[in-house]
Amino acid sequence: MKMLPLLPDSPVKVVRDAARAVRRTANLMIQRVTAETFNILLGLPGLVVTEYALERQGEQEVLHLFCQHEHEVAICLRCGQVSDVLHEQEERAIRHLDIWGKATYVHFPSRRFDCKHCRKPFTESLSWVESKRRESTAYELHVYEQCKHTDQAAVAEREGLHPETVRGIFQRWARRAEKQRQAMRTRVRCLGVDEISLRKGHQQFALVLSDLERHCVLAVLPERSQKAFEAWLDGLSEAERQAIRLVAMDMWGPYRGVVRSKLPHTQIVADRFHVTKQLNEALGKIRRRLQASDPASYELLKGIRWILVRRRAELKPEEEAKLQTALDAFPELRTAYLLKERFVAIADKIQDRSQAERFLQAWVYEVQASGLVQLVKFTQTLQHWWEEFLNYFNEGFTSAVVEGLNNAIRATIRRAYGYHVFEHFRLHVLVEHGSLSTPIPQI
């Protein structure tokens, strides 16, 4: 065996191409190939490959590996004693990781022993495959990792498995990963609360709870109700509830009531992006009213919807020209647009709560003096959430993380062409966006 120096302790760098792999060989511990090398690389401890066969199935080539046990004894799972008394055995085949692009099956005798101590038969436990499974643990994890970012039908087609087999593998390992996270729960300091539509136009919503600091989903609840939110908070320990110091949410009263009741020590932040969204909706109502007044106005305001809600500094020259033409033609729209831009500037540039309150009060008076009914209604909503919105200026926390996660969740829904079973949807979201660690096998 040739021993070469290993790399010093440093951040792990992934080898992404062959050229880098060549440069790193000087730091590897190189070993000679022996008769046992294939058994080691195969990752099936306790087995020895004795024969193989190749089989053609359509366009795919299948590799069959025939193995024997390395030892003639097994350990009883009940008492831990070693037994060499064979009770019975039968041939068993397990799907394993592909070798050289070939679907690989491992054939070996499954053995049952008689325990001299317990006086009962037991089935031999193998470290590389779980009980009553037809796929090795390494192969199941391979399928599970693929399902994180690919729809299960595509994984089943690629691996030559039945879709129900892929679904079962994913759900089993996903639930295991979720249980492991629950056993080692990290306390959340900043909680994000928002809902997402499961089916457009069907009024089906789920409640998404997120960790705003770790940028991950904590839970997905089947309904956006006060009762569901309360039940989730009740499931937390007292220490976990005390650890939550900030909750960012949209302006929906029941959520605020739950937080005030269950987390009285927590600061509530009315999410700045939801507040701005309501302001943009009020501006849109003014635009639609003016657009419907006559055909000329309709043509002049056609295609300006998104230009009005975008920040003026981000507009292209042609969009700026179109906007200026519309504002010059409609003084009422010009007033509403400038008020919107001033509100966004306050939220962007001011970081002191007391200063923000003075500017916002002046802004509200200006809106009320303008006489624009839609904006006046918005100020009434804003005043109803006045303290919660001012809390935004304490630390600048928003639900932007939640909105980003919601966009990613929508992509998950589109990729799966929708979900008929909520539990399947919930598991996919937690696995893909919940920062679940790789589940630990149970042997």
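Positions within a chain are numbered from 1, following the residues in the order the chain's sequence is written. Predicted model: local features are reported for residues with pLDDT of at least 70 only, side-chain atom pairs are reported and counted for 80 or more only, and whole-chain, interface and lining totals are derived from all residues. Processing note: side-chain calculations cover all non-hydrogen atoms of the structure and skip hydrogens and water entirely.

Caption draft 1: Spotlight on the confidence of the model for the protein chain. The predictor rates its confidence in each residue with pLDDT, a number between 0 and 100. Taken over all residues, the pLDDT of the protein chain has a mean of 87, while the share at 70 or more is 93%. Across residues 1–10 the pLDDT falls below 50, and counting only partners more than four positions away or on other chains, this stretch makes 14 contacts in the model. Two residues form a contact once any of their heavy atoms are found within 4.5 Å.

Caption draft 2: Just the nonpolar core, in detail. Counting residues in hydrophobic clusters, the biggest one holds 96 residues, and the most contacted among them are Phe229, Trp232 and Trp363. Formed by 13 residues, the second largest nonpolar core is a distinct cluster that contains Leu44, Leu47, Leu63 and Phe108. We call a set of buried Ala, Val, Leu, Ile, Met, Phe, Trp, Tyr and Cys residues a nonpolar core when their side-chain atoms join them within 4.5 Å. Burial classification: accessible surface area is computed with a 1.4 Å probe over protein chains only, and a residue below 20% of its type maximum counts as buried, one above 50% as exposed, and the rest as partly exposed.

Caption draft 3: Local environment of the environment of Gln361. Comment: elements are numbered from the N terminus, with helices defined as DSSP H or I runs of at least four residues and strands as E runs of at least two. Assignment of secondary structure puts Gln361 in helix H14 (residues 353–370). We classify Gln361 as partly exposed; its relative accessible area is 32%. Sequence spacing of Gln361 and Glu314 is 47 residues, and the spatial spacing of their C-alpha atoms is 27 Å.

Caption draft 4: Seen up close, helix H15 (residues 373–384). A helix is expected to span 1.5 Å multiplied by its residue count minus one. Its 12 residues give H15 an end-to-end C-alpha distance of 17 Å, which sits within 8% of 16 Å, the value for a rise of 1.5 Å per residue. By the burial criterion, the buried members of H15 are Gln374, Leu375, Phe378, Thr379 and Leu382. Burial along H15 is one-sided: seen end-on, the buried residues are contained in an arc of 140°. The exposed set on the far side of H15, more than 90 degrees from its buried face, consists of Lys377 and His384. Considering only its buried residues, H15 is in contact with helix H9 (272–291), helix H13 (331–349), H14 and helix H16 (386–390). What the arc measures is the spread of directions leading from the helix axis to the C-beta atoms.

Caption draft 5: Representation of the layout of surface pockets. Any residue with an atom within 4 Å of a point lines the site, the site being either a cavity, points on a 1 Å grid over the protein atoms alone where a 1.4 Å probe fits but cannot get out, or a pocket, an open set with protein on both sides within 12 Å along at least 5 of 7 lines. Grid points are joined across faces, edges and corners, and a volume is the space filled by probe spheres set on the points. As a volume, the largest pocket reaches approximately 1400 Å³. Around the largest pocket, the lining is made up of 44 residues, and of these Phe273, Lys277, Gln278, Glu281 and Glu403 lie nearest the centre. Of all the secondary-structure elements, those providing two or more residues to the lining of the largest pocket are strand E8 (190–199), H9, helix H11 (305–309), H13 and helix H18 (400–415). With 13 residues, H9 is the largest single contributor of residues to the lining of the largest pocket. Only Asp, Glu, Lys and Arg are considered charged, only Ala, Val, Leu, Ile, Met, Phe, Trp, Tyr, Cys and Pro nonpolar, and every remaining residue, Gly among them, polar. In the lining of the largest pocket, the residues fall into 12 nonpolar, 11 polar and 21 charged. Empty space within the second largest pocket amounts to approximately 500 Å³. The wall of the second largest pocket is formed by 25 residues, among which Arg181, Gln182, Arg185, Leu218 and Trp232 lie closest to the centre. Elements with a minimum of two residues in the lining of the second largest pocket: helix H5 (163–183), strand E10 (216–221) and helix H19 (422–433). Grouping the constituent residues of the lining of the second largest pocket by class yields 12 nonpolar, 6 polar and 7 charged.

Caption draft 6: The side chain of Ser225, seen in detail. For Ser225, the position within the fold is in the loop between E10 and helix H6 (226–234). According to the relative accessible area criterion, Ser225 is buried, its value standing at 19%. For Ser225, the side chain forms a polar contact with the side chain of Glu223, separated by 2.9 Å. Engagement of the side chain of Ser225 in a polar contact is seen with the backbone nitrogen of Ala228, the distance being 3.1 Å. By the criterion applied in these results, polar contacts are pairs of N or O atoms within 3.5 Å in which, for protein atoms, one can donate a hydrogen and the other can accept it, and in which residues neighboring in sequence qualify only through two side-chain atoms.

Caption draft 7: Geometry of the packing of aromatic side chains. When two rings of Phe, Tyr or Trp (its six-membered ring) have centres within 6.5 Å they constitute a pair, described as stacked for plane angles under 30 degrees, edge-to-face for angles over 60, and tilted for the intermediate range. Scanning the entire structure with this criterion turns up 13 aromatic pairs. Aromatic side chains Phe343 and Phe378 sit 5.9 Å apart centroid to centroid with 85° between the ring planes, which places their arrangement in the edge-to-face category. In this pair, Phe343 is assigned in helix H13 and Phe378 in helix H15, connecting sequence segments 35 residues apart. In this pair, the class of Phe343 matches that of Phe378, namely buried. A centroid spacing of 5.7 Å and a plane angle of 15° characterise the contact between Phe343 and Phe389, whose relative ring orientation is stacked. Separated by 46 residues along the polypeptide, Phe343 in helix H13 and Phe389 in helix H16 bring together distant segments of the chain. Clustering of aromatic rings is evident, with ring pairs tying together Phe343, Trp363, Phe378, Phe389, Tyr392 and Phe393.

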